[in-house]
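Here is what each chain is made of, one letter per residue.
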Amino acid sequence: SYAFPKCRDPRFGKEDIFSFLSDDSKLRIKDLKSETVKTIENVSRYELIDGGKYILTLNRNHGIKSLLTIWDRRYKIIDTISGVLEYKLNFNSTALLFSFEKKGLNEIGIINFNSYSRENITEDKQAKFYNLTWHKNGLAVAFLSKTGKSSERDVINYYNIRERKLFTSFSSFNDGRT
């Protein structure tokens with residue numbers, strides 16, 4: 001393990017990319033072959049997908065909605081999602097499950113990086129989606145939802161990606177009630 005001064009979250013993408021977040025919230029990506037450095041400002045979290053074929057950046061500022069940006073290898077923006085609340089990559093980083101708020105609706109969606117496609121699973125005006133998780137085979141996801149009422153129970157949601165079917169269970173597992 002190595003320590004790099006004034007940087008956090010250092011990563012290699014394939015053998016020709018090295019990236020890290022600097023103390024001033026800048027993502028620095030160095031192409032080790034060409035010796036060029038690309039800087040993306042205002043980044044709180046990032047992911048290198050498929051060795052750097054895609055770069056995900058999350059910008060989250062105090063008082064400002066978060067913005068998830070997907071960049072290609074040439075640092076061109078190919079997609080943006082405003083209002084991202086949470087995201088989770090599958091185990092082999094070929095897909096992304098994310099929850100976000102847009103125009104008063106809470107939504108949950110999936111991005112498939114193999115074909116670069118984006119699909120919204122469901123939306124709700126009152127419920128918030130959280131605790132996103134992937135099945136280890138990458139063919140299903142689960143997440144919890146809850147309205148803002150403290151008396152509401154957590155709702156367990158299961159989505160089968162192949163069948164594009166959402167299953168919902170109103171049973172609560174956290175308070176002993178059924």
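Structure report, in brief. (Residues numbered from 1 in each chain as written. Predicted model: local features only at pLDDT ≥ 70, side-chain atom pairs only at ≥ 80, totals over all residues. Heavy atoms only, no water.)

Looking at the overall build of the chain
Here is step 1 of the chain: Helix and strand counts for the chain stand at 0 helices and 16 strands.
Here is step 2 of the chain: Taking all 178 residues of the chain together, the buried fraction comes to 40%.
Here is step 3 of the chain: In the chain, the share of contacts with a sequence separation of at least 24, taken over all contacts with a separation of at least 6, comes to 24%.
Here is step 4 of the chain: About 10,600 Å² of surface is accessible on the chain, with carbon and sulfur atoms providing 49% of the total. (Helix = DSSP H or I, 4+ residues; strand = E, 2+ residues; numbered from the N terminus. Buried < 20%, exposed > 50% of the residue type's maximum accessible area, 1.4 Å probe, protein only. Contact = heavy atoms within 4.5 Å. Areas by Shrake-Rupley, 256 points an atom, 1.4 Å probe, with all protein chains shown as cover.)

Looking at the sheet that holds strand β9 (residues 84–89)
Strand pairing within a sheet occurs via backbone hydrogen bonds; the two strands may be parallel or antiparallel.
Here is step 1 of the chain: Taken in spatial order, the 4 strands of this open sheet run β9-β10-β11-β12, and their pairing is antiparallel. Both outer strands of the open sheet, β9 and β12 (117–124), are each paired with one neighbouring strand and no more. The mean inter-strand angle of the sheet, taken between neighbouring strand axes irrespective of direction, is 15 degrees.
Here is step 2 of the chain: As paired elements, strand β11 (residues 105–112) and β12 share 7 bridges and run antiparallel to each other. Its bridge partner being in β12, Ile110 is matched across the sheet by Glu119. (Pairing = 2+ DSSP bridges. Axes fitted to C-alpha atoms, helices over the stretch in contact; angles between N-to-C directions.)

A look at the side chain of Asp79
Here is step 1 of the chain: Assignment of secondary structure puts Asp79 in strand β8 (residues 77–82).
Here is step 2 of the chain: Contacts of Asp79, omitting those with residues within four sequence positions, involve Leu68, Thr69, Ile70, Ile111, Tyr116 and Arg118.

Notes on the nonpolar core
Here is step 1 of the chain: Within the largest apolar cluster, 15 residues are counted, with the highest numbers of intra-cluster contacts made by Leu68, Leu96 and Phe113.
Here is step 2 of the chain: Every residue in contact with Phe113, bar those within four places of it in the chain, is listed here: Ile49, Tyr54, Leu56, Ile70, Leu89, Ser93, Thr94, Ala95 and Leu96.
Here is step 3 of the chain: Of all hydrophobic cores here, the second largest spans 11 residues; its members include Ala95, Leu97, Ile121 and Val141. (Core = buried A, V, L, I, M, F, W, Y, C linked by side-chain atoms within 4.5 Å.)

A word on the layout of surface pockets
Here is step 1 of the chain: Reported here for the largest pocket is a volume of approximately 320 Å³.
Here is step 2 of the chain: Every residue lining the largest pocket is counted, 19 residues in all, and those nearest its centre are Ala95, Ile110, Asn112, Gly138 and Ile161.
Here is step 3 of the chain: By residue class, the composition of the lining of the largest pocket is 7 nonpolar, 8 polar and 4 charged.
Here is step 4 of the chain: Reported here for the second largest pocket is a volume of approximately 150 Å³.
Here is step 5 of the chain: Every residue lining the second largest pocket is counted, 15 residues in all, and those nearest its centre are Asp124, Ala127, Ser145, Val155 and Asn157.
Here is step 6 of the chain: Within the residue set of the lining of the second largest pocket, elements represented by two or more residues are β12, β14 (140–146), β15 (155–160) and β16 (165–169).
Here is step 7 of the chain: The element contributing the most residues to the lining of the second largest pocket is β12, with 3 residues.
Here is step 8 of the chain: Partitioning the lining of the second largest pocket into residue classes produces 5 nonpolar, 5 polar and 5 charged. (1 Å grid on protein atoms, 1.4 Å probe; cavity = no way out; pocket = protein on both sides within 12 Å on 5 of 7 lines; lining within 4 Å. Points joined across faces, edges and corners; volume = space filled by probe spheres on them. Nonpolar A, V, L, I, M, F, W, Y, C, P; charged D, E, K, R; others polar.)

With respect to the pattern of salt bridges
Here is step 1 of the chain: Enumeration over the complete set of coordinates arrives at 12 salt bridges.
Here is step 2 of the chain: Here Arg73 ties to Asp16 by a salt bridge, and the two come within 2.8 Å at their closest N and O atoms. Taken together, the residues span a long stretch of sequence, with Arg73 in the loop between β7 (64–72) and β8 and Asp16 in the loop between β1 (7–13) and β2 (17–22) at a distance of 57 residues.
Here is step 3 of the chain: Residue classification places Asp16 among the buried residues on the basis of a relative accessible area of 10%.
Here is step 4 of the chain: Between Lys102 and Glu107 there is a salt bridge, and its shortest N-O distance comes to 4.0 Å.
Here is step 5 of the chain: Given the relative accessible area of 41%, Lys102 is considered partly exposed.
Here is step 6 of the chain: A single network of salt bridges, built from pairs that share partners, joins Asp9, Arg11, Arg45 and Glu47. (Salt bridge = Lys/Arg side-chain N within 4 Å of Asp/Glu carboxyl O.)

In short, the description is geometric, and any link to function would need to be established separately.
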